[in-house]
Amino acid sequence: MKRPLNEIIADATAAGILPSTAATFIQHEGYRPWPVVLLTALGAWLAAIPLMGIVFLSCGDLLGRDSRTLYPVSLVICGAAVAILRRASLPLFIEQLAIPALLAGAATMSAAFYIDMSVGNGSVGVALLAIILAVLIPRTWLRVLLGAISCAFIMTAIVTLAANRDRDGFWMVVHGAMVVWLITDFVQRQRLRSVLVDRLATGWVLTIVAGLALWTGMTFLAGAAIHSGSASTMAPLSQALASFAQFASAALTLGAAAWLAMRWQALRKPWYALAAAVFTGLAVLMPSLGAVLTILAVCASSGRSGIATAAGAAAAWMIGALYYQLAYPLATKALILIGAGALFALIAWLAIRDGAPLVRDGNAAPAPKESGTGRIGIALTALAVVAIANIGIWQKESLIANGRPVLVQLAPVDPRSLMQGDYMRLNFKLPQEVSQLDAGVAGSARWKVAGKVNEKGVVELTRLHDGKPLAPGEIMIELTPRHGGHTLVTDAWYFQEGEGKRWEAAKYGEFRVDDKGKALLVGMRGANLEVL
C-alpha cells in the first residue's frame, strides 16, 4: 500500500532521520515542472504563428467586404480559447496553444472596435473586453495582464474623449485612476475579498506606476545611454495646474509617510520624520512622485512586496529624472540632488545609531561587527576613485594646454533636435566613408580621419587614415563610436541653461589635438571663426 509523501516525511522527522525544519513537498495533481512548461509553451507558440497568420489574412479578406464580419470570427476564436483555458485538467500543449489563439481573437475584435468607432469609444470597448475575459478565465497571471490592459485603455479613452491630450490631461487621468484603485483596494480588503478583483487591481496599479514613470521622462544617465532624444526631457505642466499638482504630490507624500508610521511603530522616530520631509521636498519638485510613494506605502504595509518594489523602482526613476527637468538651472538641480543624497546618508546613519530593528525576531542573526580591514578597504577604494578621476583631469588639462588648436566645420542637424535643454546636438562634417563604418568593427583600435589644415586653422577631413605617414600639412583625429556610428569626440555641446541663443550661431567646433590623434572639444566658433 502506497503511503502519502507527507506521512513518510513526518515519520522520518520523528525518527530523527530528517531535521525538524524539513519541508513537505507534495506534487499536487496537475503539477508541472517549470522547464516542461517553458519548452511546451515555446513549441505551442511556434505552432500558433502560422495559425495566427491565417486568421489575420482571413480577417483582411473579410474586412474588404464588411468590417462587421470581424465580430463573429473574433467571438468564435475567443470563445474556443476561453473554453479551453477554463478546463481544470488540460494537456499542457493545448493549454499553451490556447493563449495565442486568445490574443488573436482579442486583437481581431479590438481592430473591429477601432474601425467602427472613434478612438475613445474603441478604447472603452477594448477595456470592457479585457474585463470580460478576466471574469471568464480563472488564470491568475492572465487576470493581472488583463487588468493592466483595461487600465491602460480606460485612461486612453478618458484622455481622448475629454480632448485633453497634453501633459495636464494625462496627469489628472492617471491620478484619478490611482484614486479609483485606492477605493477599490480598501473595499476589496474590508468587504469583497474577491480573487478576481484583487488580480484586476494588481494589473491596474502596475499600469499606473508604469504610466507615472513614463510621464516623468528619462532618468539621470539613462538618457545618454539610450539616446532617447527629445523624449529625455520632461515638459512642464501648465501654470494653471502646476501649483495644484505640486501641492497634491506633497500632500500624498505626507499622507503616505503618516500611513506607514501608523502601521509600523518602529518608524515613529525623529530620523523618519526627516526622511518624510526630504521626500516631501522632492515631491514638490516632481509632481508624479507623491502618487508613487502612496502606492509604495499602501502595498508595503499590506505585505504586497512585488508592487511595492515596482513602486520603489519608479520612485528612484522619478528622483533621477529631476536632472532633465528644464524648470530649474542645472547647477540648482545638482545641488538639490547632492543635498538630498547627503540628507539620506545622515538619515541612514541616525537609523543605524538608533539600533531599533523593524522586526524583532529572536532567531535573527546578529549584524556582523565592523572590522579594521573593512574600513581600510573603503579608504583605499575612495583614494583609488579620487586618483583615477584626477589622472583623467590632468590628461585633459595637458591636452588643452599642449594640443594643436584646429577647427572642424559643423554639418546640418535636424532643427527639431538642435536645442534640447542644456545641450546642443552636434554633427561634424566628416568623410563619406565614415557613415559606412560599423561601430563594432574596429574592436579596441579606433578609426581615425585625416585632412589638411588651412592658414586659418580650419581642417577639412577628407579621408580615413590608413596608417601611412601623413602628408605635409595634414593632421589626423581619432573618431569616437557613438550610437551605432562615429563622431569627433562627442555629438553634444553642453552649456548653461538659458544660453541657447548664444550657441545657435555655431558653425565650427574648436578642438585641441595631439600628435597621436587624441582630441578634445573645447569651444564653438561662429561663421567668421569668432569665439562665441
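Details of the structure are given in the entry above.
Residues numbered from 1 in each chain as written. Predicted model: local features only at pLDDT ≥ 70, side-chain atom pairs only at ≥ 80, totals over all residues. Heavy atoms only, no water.

A. Spotlight on empty space enclosed by the protein. Counting across every chain of the model gives one cavity of 30 Å³ or more. Taken as a whole, the largest cavity holds about 40 Å³ of empty space. Considering the residues around the largest cavity, the lining is formed by Trp 181, Asp 185, Asp 198, Ala 201, Thr 202, Val 205, Arg 304 and Ile 307. Of all the secondary structure elements, the ones that give two or more residues to the lining of the largest cavity are α7 (167-192) and α8 (195-216). Here the lining of the largest cavity gets four residues from one element, more than from any other, and that element is α8. A class-by-class count of the residues in the lining of the largest cavity yields four nonpolar, one polar and three charged. (1 Å grid on protein atoms, 1.4 Å probe; cavity = no way out; pocket = protein on both sides within 12 Å on 5 of 7 lines; lining within 4 Å. Points joined across faces, edges and corners; volume = space filled by probe spheres on them. Helix = DSSP H or I, 4+ residues; strand = E, 2+ residues; numbered from the N terminus. Nonpolar A, V, L, I, M, F, W, Y, C, P; charged D, E, K, R; others polar.)

B. Here's a closer look at the side chain of Thr 202. For Thr 202, the location among the structural elements is in helix α8. When its relative accessible area of 11% is taken as the criterion, Thr 202 is described as buried. Setting aside residues no more than four positions away along its own chain, Thr 202 makes contact with Val 144 and Ile 307. (Buried < 20%, exposed > 50% of the residue type's maximum accessible area, 1.4 Å probe, protein only. Contact = heavy atoms within 4.5 Å.)

C. Structural context of the nonpolar core. One finds Trp 181, Ile 208, Leu 212, Tyr 272, Leu 289, Val 292 and Ile 295 to be the most contacted residues of the largest nonpolar core, which totals 49 residues. Those elements that provide at least two residues to this core are α6 (140-161), α7, α8, α10 (239-263), α11 (270-285), α12 (289-301), α13 (305-321) and α14 (330-354). Residues Val 449, Val 453, Val 513 and Leu 532 belong to the second largest nonpolar core, which totals 28 residues. (Core = buried A, V, L, I, M, F, W, Y, C linked by side-chain atoms within 4.5 Å.)

D. Main features of the pairing of strand β10 (residues 508-513). For β10, the buried fraction is high: six of the six residues fall into the buried class. Residues Tyr 508, Glu 510 and Arg 512 point to one face of β10 and Gly 509, Phe 511 and Val 513 to the other, with burial holding for every one of them. Taken together, the six bridges between strand β1 (residues 404-409) and β10 define a ladder with antiparallel strand orientation. Paired with Leu 407 across the bridge in β10 is Glu 510. Pairing of β10 with strand β11 (residues 519-525), which is carried by six bridges, proceeds in the antiparallel orientation. Paired with Tyr 508 across the two strands is Arg 525, which belongs to β11. Hairpin connection between β10 and β11: a loop of five residues separates the two successive antiparallel strands, and Gly 517 in this loop has a positive phi of roughly 95 degrees. (Pairing = 2+ DSSP bridges.)

E. Layout of the pairing of strand β4 (residues 448-453). Relative to strand β6 (residues 474-478), β4 is paired through five bridges, and the arrangement is antiparallel. Directly across from Ala 450, in β6, lies its bridge partner Met 476. In this sheet, strand β5 (residues 458-464) lies alongside β4 in antiparallel orientation, the contact comprising five bridges. Bridge pairing in β5 places Val 449 opposite Leu 464.

F. Spatial organisation of the sheet that holds β1. Ordered in space as β6-β4-β5-β1-β10-β11, the six strands form an open sheet in which the pairing is mixed. Whereas interior strands pair on both sides, the edge strands pair on one side only; in this sheet they are β6 and β11. Within this sheet the neighbouring strands show an average axis-to-axis angle of 40 degrees, counted without direction. Strand direction decides the pairing type here: β1 and β5, joined by two bridges, are parallel. What sits directly across from Val 408, in β5, is Val 459. (Axes fitted to C-alpha atoms, helices over the stretch in contact; angles between N-to-C directions.)

G. Spotlight on the pattern of salt bridges. One pass over the full model with this rule turns up eight salt bridges. We note a salt bridge from Asp 198 to Arg 199, for which the minimum N-O separation is 2.6 Å. (Salt bridge = Lys/Arg side-chain N within 4 Å of Asp/Glu carboxyl O.)

H. Just the environment of Ala 401, in detail. Mapped onto the fold, Ala 401 is located in helix α15 (residues 372-402). Accessibility expressed as a relative area gives 62% for Ala 401, which makes it exposed.

I. How the structure looks around the packing of helix α3 (residues 70-85) against helix α4 (residues 92-116). As a packed pair, α3 and α4 sit with axes 8 Å apart at the nearest point and diverge in direction by 150 degrees. Classified by the angle their axes make, α3 and α4 are roughly antiparallel. Read as a crossing pair, α3 and α4 show a hand that is left-handed. Class assignment for the residues of the contact of α3 with α4 results in 19 nonpolar, three polar and two charged. (Parallel < 35°, antiparallel > 145°, perpendicular 65-115°, else oblique. Left-handed = near helix turned anticlockwise from the far one by under 90°.)

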